[in-house]
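Observations on the three-dimensional arrangement
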Amino acid sequence: MFSREFCDCLMEEIDLLENSGLPLLRPNSMNKYGAVLSDIGLIQVWTDIYLRYLKPLFEQIWPELAQQVVGHHAFIVQYKMDEQKGLNIHFDQSVLTLNLCLGKEFSGGDLFFKGLRSDPESQEAENFVYSHVRGTSLLHRGEHIHGAEAISEGTRYNLIIWYQNSEQIGH
């Protein structure tokens, strides 16, 4: 769904934003570096992608969760050797999350999953590791406990979109 050209275009916009000197809001309480995409006028594009591609997919995979989605929070996160290298274990302020690796050049930084917040038994049983590949996205439930291992070299950018219910909007 997301081509290399799409990733390149979005990275060009992020590079322009980073070099603009404009103040950037932190994407959330855990990520120190990145950008909130509504700050640069990219709200409608994520709504259109959701309605055209993701909503039908969500309705097939998680119908009970898909009907809860009323909005989204789209942001870029950055992991860099001399700044934030990884992210501690957490769950998202979303019903469903899309995580797209935009690249640059990097090694390491695997995503790991440890079960669902609502299911303590799954937290003990699950130990899934996902290696990021530029242009590849991962969908998961917001309550899926996860974290990002530290990158071992380079810089990685990810597009994160939290698809939220009415209680999560603005958090």
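Residues numbered from 1 in each chain as written. Predicted model: local features only at pLDDT ≥ 70, side-chain atom pairs only at ≥ 80, totals over all residues. Heavy atoms only, no water.

Quick look at the packing of aromatic side chains
Summed over all chains, the structure comprises eight aromatic pairs. Pairwise contacts between aromatic rings join Y50, F58, W62 and Y163 into one cluster. Looking at R117, its charged tip hangs above the ring of F91, at a distance of 4.2 Å from the centre. Against the face of F106 rests R156, its NZ or CZ located 5.6 Å from the ring centre. (Phe/Tyr/Trp six-rings, centres within 6.5 Å; stacked < 30°, edge-to-face > 60°. Lys NZ or Arg CZ within 6 Å of the ring centre and 35° of its normal.)

Description of the sheet that holds strand β9 (residues 144–148)
Strand order in the open sheet made by the four strands is β3-β9-β6-β7, with antiparallel pairing throughout. Of all strands in the sheet, those bounded by a partner on one side alone are β3 (87–90) and β7 (128–130). Neighbour-to-neighbour, the strand axes of the sheet open up by a mean angle of 20 degrees, direction not taken into account. Where strand β6 (residues 111–116) lies against β9, four bridges are found, and the strand directions are antiparallel. (Pairing = 2+ DSSP bridges. Helix = DSSP H or I, 4+ residues; strand = E, 2+ residues; numbered from the N terminus. Axes fitted to C-alpha atoms, helices over the stretch in contact; angles between N-to-C directions.)

Quick notes on the pairing of strand β10 (residues 151–164)
With eleven of 14 residues buried, β10 lies mostly within the body of the structure. Relative to β10, strand β2 (residues 71–80) is paired through ten bridges, and the arrangement is antiparallel. Pairing of Q78 across the sheet is with Y157, part of β10. Taken together, the three bridges between strand β5 (residues 106–108) and β10 define a ladder with antiparallel strand orientation. Looking across to β10, one finds that S107 is bridged to E153. (Buried < 20%, exposed > 50% of the residue type's maximum accessible area, 1.4 Å probe, protein only.)

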